[in-house]
Amino acid sequence: MNHPVKIKNALVSVYYKDGLAPLVELLNKYGVTFYSTGGTETFIKDLGIDVVPVEDLTSYPSILGGRVKTLHPKVFGGILARRPLESDQQQLAQYEIPEIDLVIVDLYPFEETVASGAAEQDIIEKIDIGGISLIRAAAKNFNDVVIISSKNDYKELEEMLANQEGNTSLEQRKEFAKKAFNTSSHYDTAIFNYFNQENPIEVFKQSEQKAQVLRYGENPHQKGIFFGDLDNMFDKLNGKELSYNNLVDVDAAVALIDEFEEPTFAILKHTNACGVASRSNIKQAWIDALACDPVSAFGGVLITNGEVDGATAEEINKLFFEVLIAPSYSEEAIAILTAKKNRIILVRKDVKLPAQQFKTLLNGVILQDKDNTIEGPAQMVSVTTVKPSAEQLEDLYFANKIVKHTKSNTIVFAKNGTLLASGVGQTSRVDALKQAIEKAVSFGFDLKGCAMASDAFFPFPDCVEIASEAGIAAVLQPGGSIKDQLSIDMANEKGIAMVTTGVRHFKH
């Protein structure tokens, strides 16, 4: 074994004690001397095991309401002393400092306290000082010291010591040190991000402890990992694990469906909606959403904001799909939808989502606020002679919700709470418009009287002219072009109602 260390003395001071007893009992079997404080000291004594109070080692009591307990040279000297260095050994002997070979310490639950909505003073008291210092000291001296910074590692150390007669190797101690520095860096990031909410310093710090290795990334030759707690977001009733591409589509689906309050179904493919409908009931919303583009819906991600019942499930069951997301399902629906083992059936939970989004870009990271703005009839400014009717305003609102979540350049057609067609991800707005018209025609939709939304302004009047020829009756765009008047004049010439919102919704 590479540089084995046999544990003689252990400092144990933890907040979470579940799972600790078997490890302490094993260490006691090997004759280890325990040093501890407070509740952990009592816990060890209750196991019938002798323990030395840290106060007896330091000759100082716990002071300042427990804020200072272990911050003392007799503690940190025993942890940080370099065993092979003669001068360190002489000082240990001079000051009667015992070598501490094992430190088992966790941290006050800072993140949990913040999440609970506690008062600021309670949150501040959960900023661990002694614990974080002990973890860093023991991890730094991994050459001679074992550091356990999480209850998740109790069992691993127990089995290691049992198999190695109470010894650890250098490689094992270094691995525990790596875990410890992960613990300390995550903890400090959480504290910093709490303090950085008001008048934020422009730095980027993120830390996520939970990870799920995916089958692969966007393509099979790419490695993929999801960092986050999917179990907190969804209950999975059926199916294989979500893939990288599934997750990207699910994220887009959740963002889109959250725009709607009325019963709505949406179908997405490669993050873009290929079917959306709002109706008085979920079943009809599904039927009408599917009718928009049943070809693209094949293998898509489906999402709704209402319960899926048996009748709706029977209709959905006719289509091959990858993922279905709903807030709830009837027992009959679950039986129908889980009959095919690979279908991913998710129950969405009520979870607060982050307000910002980021991604790697070039040699750094780019961050922005999420686009949480949506303009309804109250924010629409009529700029043409012909004014939109109340029904057209609702259709424009519906189309605007979808255009916001569609890849630019994009044009969306909608009527009566239904997506009729869209032009997606085109290099020109004219191409997006022509693509949307072609798609609507191919599925037999009559565009006469329908509404059109654009994610950005029209630099030229050509889009309005083409839309008029297709039968479009009302147009929504953000406006803001120096040539806005050309499009407005064309709309007036063609008898089309046009509104501007003042807000662009690019999506790349």
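Here, every reference points to the structure presented above.
Report follows, based on the coordinates. Within each chain, residue numbers correspond to sequence positions counted from 1 in written order. In keeping with the model being predicted, local features are shown solely for residues with a pLDDT of at least 70 and side-chain atom pairs are shown and tallied solely at 80 or more, while totals for entire chains, interfaces and linings include all residues. In computing side-chain properties, one takes all heavy atoms of the structure into account and sets aside hydrogens as well as water.

### Comments concerning the overall build of the protein
Summing up its helical and strand segments, the protein has 20 helices and 23 strands in all. In terms of C-alpha radius of gyration, the protein reaches 31 Å, well past the compact-globule figure of 23 Å for 508 residues. Three exposure classes are used, based on accessible area relative to the maximum for each residue type with a 1.4 Å probe and protein chains only: buried under 20%, partly exposed in between, and exposed over 50%. Considering the protein as a whole, with its 508 residues, one finds that 48% of them fall into the buried category. By definition, residues are in contact when any of their heavy atoms lie within 4.5 Å. Considering only intrachain contacts with a sequence separation of at least 6, the fraction spanning at least 24 residues in the protein is 56%. On the protein, roughly 25200 Å² of surface is accessible, and the fraction owed to carbon and sulfur atoms is 51%. Positive charges come from Lys and Arg, negative ones from Asp and Glu, while His and the chain ends are left out of the count. By convention, the point assigned to a charge is CZ for Arg, NZ for Lys, CD for Glu and CG for Asp. Of the charged side chains in the protein, 50 are positive and 68 negative; the average position of the first set lies 4 Å away from that of the second. Elements are defined by DSSP. Helices are runs of H or I of four residues or more, strands are runs of E of two residues or more, and each kind is numbered from the N terminus. What the globule rule says is 2.2 Å times the number of residues to the power 0.38, and the radius of gyration is computed from C-alpha atoms. Accessible surface is estimated by sampling points in the Shrake-Rupley manner with a 1.4 Å probe; for residues, cover comes only from the protein chains shown.

### Observations regarding the sheet that holds strand 5 (residues 102–105)
If DSSP finds at least two bridges between two strands, the strands pair. The strand order 4-3-2-5-6 describes an open sheet built from 5 strands, whose pairing is parallel. The open sheet terminates on both sides in strands that have one partner only, identified here as strand 4 (52–53) and strand 6 (146–148). As paired elements, strand 2 (residues 9–13) and strand 3 (residues 33–36) share 4 bridges and run parallel to each other. Directly across from A10, in strand 3, lies its bridge partner F34. Helix 2 (residues 38–46) rests against strand 2, strand 3 and strand 4 of the sheet, and its axis sits at about 145° to strand 3. Fitted lines through C-alpha atoms serve as axes, helices being fitted only where they are in contact, and the angles separating the N-to-C directions of these axes extend from 0 to 180 degrees.

### Thoughts on the side chain of D153
Along the chain, D153 turns up in the loop between strand 6 and helix 9 (154–163). In contact with D153, other than residues within four places in its own chain, are I148, F176 and K179.

### Here we look at a nonpolar patch on the surface
Only residues above 30% relative accessible area that lack a salt bridge enter a patch, with like-charged residues linked at up to 9 Å and the nonpolar side chains Val, Leu, Ile, Met, Phe, Trp and Tyr linked at up to 5 Å. Note on definitions: salt bridges are taken to be side-chain nitrogens of Lys or Arg within 4 Å of carboxyl oxygens of Asp or Glu. On the surface, F204, F358, V365 and L367 cluster together to form a nonpolar patch covering roughly 350 Å² of accessible area. Position of L367 among the secondary structure elements: in strand 17 (residues 364–369).

### Considering the packing of helix 4 (residues 73–80) against helix 8 (residues 130–140)
Relative to each other, helix 4 and helix 8 sit at 30°, their axes nearing to 8 Å. When the interaxial angle is binned, helix 4 and helix 8 end up roughly parallel. From helix 4, V75, F76, I79 and L80 reach across to helix 8, where they touch S133, L134, A137, A138 and K140. An angle below 35 degrees is read as roughly parallel, one above 145 as roughly antiparallel, one from 65 to 115 as roughly perpendicular, and any other as oblique.

### Quick word on helix 2
Of all the positions in helix 2, only T40, E41 and I44 are classed as buried. On an axial view of helix 2, the arc spanned by its buried residues comes to 105°, and they lie on one face. Buried residues in helix 2 make contact with strand 2, helix 1 (21–29), strand 3, strand 4 and helix 3 (54–58). This arc corresponds to the set of directions leading from the helix axis out to the C-beta atoms.

### Some thoughts on the environment of G48
Here G48 is to be found in the loop between helix 2 and strand 4. For G48, a relative accessible area of 68% gives the class exposed.

### Structural notes on the pattern of salt bridges
All told, the structure shown has 21 salt bridges when counted by the stated rule. The salt bridge partner of D88 is R82, with a shortest N-O separation of 2.8 Å. Judged by relative accessible area, D88 falls into the buried class, the value being 11%. K155 is the partner of E158 in a salt bridge, and the nearest nitrogen-oxygen pair spans 3.9 Å. Of the two residues, E158 and K155 are both situated in helix 9; the distance of 3 residues between them amounts to about one turn of the helix. For K155, a relative accessible area of 48% gives the class partly exposed. It is possible to trace a salt-bridge network through shared partners that takes in K8, R83, E99 and D101.

### Some points on the packing of aromatic side chains
The pairing test for Phe, Tyr and Trp rings, Trp by its six-membered ring, is centres within 6.5 Å, and the orientation test on the planes gives stacked under 30 degrees, edge-to-face over 60, and tilted for anything in between. Inspection of the entire model under this criterion finds 9 aromatic pairs. A ring pair is formed by F110 and Y194, whose centres lie 5.8 Å apart and whose planes are at 85°; its orientation type is edge-to-face. Of the two residues, F110 is situated in helix 6 (residues 110–115) and Y194 in helix 10 (residues 170–195); the sequence distance between them amounts to 84 residues. Here the aromatic residues F110, Y187, Y194 and F195 are joined through ring pairs into a cluster of three or more. The criterion is that NZ of a Lys, or CZ of an Arg, lies within 6 Å of the ring centre and within 35 degrees of the ring normal, and then a charge sits over that ring. Above the ring of Y16, the side-chain terminus of K151 is found at 4.6 Å from the ring centroid. Cation over ring: K205 sits above F192, and NZ or CZ is 5.6 Å from the ring centre.

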